[in-house]
Amino acid sequence: MKTVKKIIFWTLVAFALIQFVPIDRTNKPVNSAVNFVDARKAPEKIKIMLKNACYDCHSNETVYPKYAFIAPVSWSVKSHVNEGREHLNFSVWETYNKELKENMLTKSIQTIQSKAMPMPGYIVYHKEANLSEAERSLLIQYFEEMLKTKTY
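Everything in this summary refers to the structure shown in the same document.

What counts and what doesn't
- Residues numbered from 1 in each chain as written.
- Predicted model: local features only at pLDDT ≥ 70, side-chain atom pairs only at ≥ 80, totals over all residues.
- Heavy atoms only, no water.
- Helix = DSSP H or I, 4+ residues; strand = E, 2+ residues; numbered from the N terminus.
- Rg over C-alpha atoms; globule rule 2.2 N^0.38 Å.
- Buried < 20%, exposed > 50% of the residue type's maximum accessible area, 1.4 Å probe, protein only.
- Contact = heavy atoms within 4.5 Å.
- Lys, Arg positive; Asp, Glu negative; His and termini not counted.
- Charge placed at Lys NZ, Arg CZ, Asp CG, Glu CD.
- Salt bridge = Lys/Arg side-chain N within 4 Å of Asp/Glu carboxyl O.

1. Thoughts on the overall build of the chain
When you go through the chain residue by residue, the secondary structure sums to seven helices and zero strands. Ordered by position in the sequence, the α and β elements of the chain form the string α-α-α-α-α-α-α. What you see for the chain is a C-alpha radius of gyration of 19 Å, clearly larger than the 15 Å of a compact globule of 152 residues, by over 25%. Dimensions of the chain, computed from C-alpha atoms along their principal axes, come out at roughly 70 × 30 × 25 Å. Within the chain, buried positions represent 36% of all 152 residues. The contacts in the chain between residues at least 6 apart in sequence include a share of 71% that link residues at least 24 apart. Computed over 21 positive and 15 negative side-chain charges, the separation of the two mean positions in the chain equals 8 Å.

Next up, the structure:
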């Protein structure tokens, strides 16, 4: 029993100590001239869907939830945000070249269709990100129209 108590004690000490390992939750400033929804003058419905379902991981407008301040969960959240921004960052949309924009729109359509995005784990804690079939279709249609007309 003594060993179990020691294991529990040291586990709690380690958990307390890792809370002091900082992560950077600072968002870079957003320039509306290059931000997707502003630069494209996206319809309000599209803007709301993107902000609710995509922007926390795919923009510099991340709103970190309370659980993102508790290690080791905070490390995972920050990793997801960093990875999301690497793949697509709506806050810097207008800085991408045409080929990259086309590729990002195509991949976005695929991930929305396959329901890979928003990530199922994200939807659990963010109900507003759980897009209905109609909303998914609307977003896909919006992105497809951009591809068709080459207005990206």
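2. Focus on the pattern of salt bridges
Counted under the stated rule, the structure contains four salt bridges. Of the charged contacts in the structure, one is a salt bridge between Glu 135 and Lys 45, with a shortest N-O distance of 3.7 Å. Pair noted here: Glu 135 is in helix H7 (residues 133-149) and Lys 45 is in helix H3 (residues 44-53), with a separation of 90 residues, a long-range link. Put simply, Glu 94 and Lys 101 hold a salt bridge, and the shortest N to O gap is 3.4 Å. A residue is classified by how much of its surface remains accessible, and Glu 94, at 33% relative accessible area, is partly exposed.

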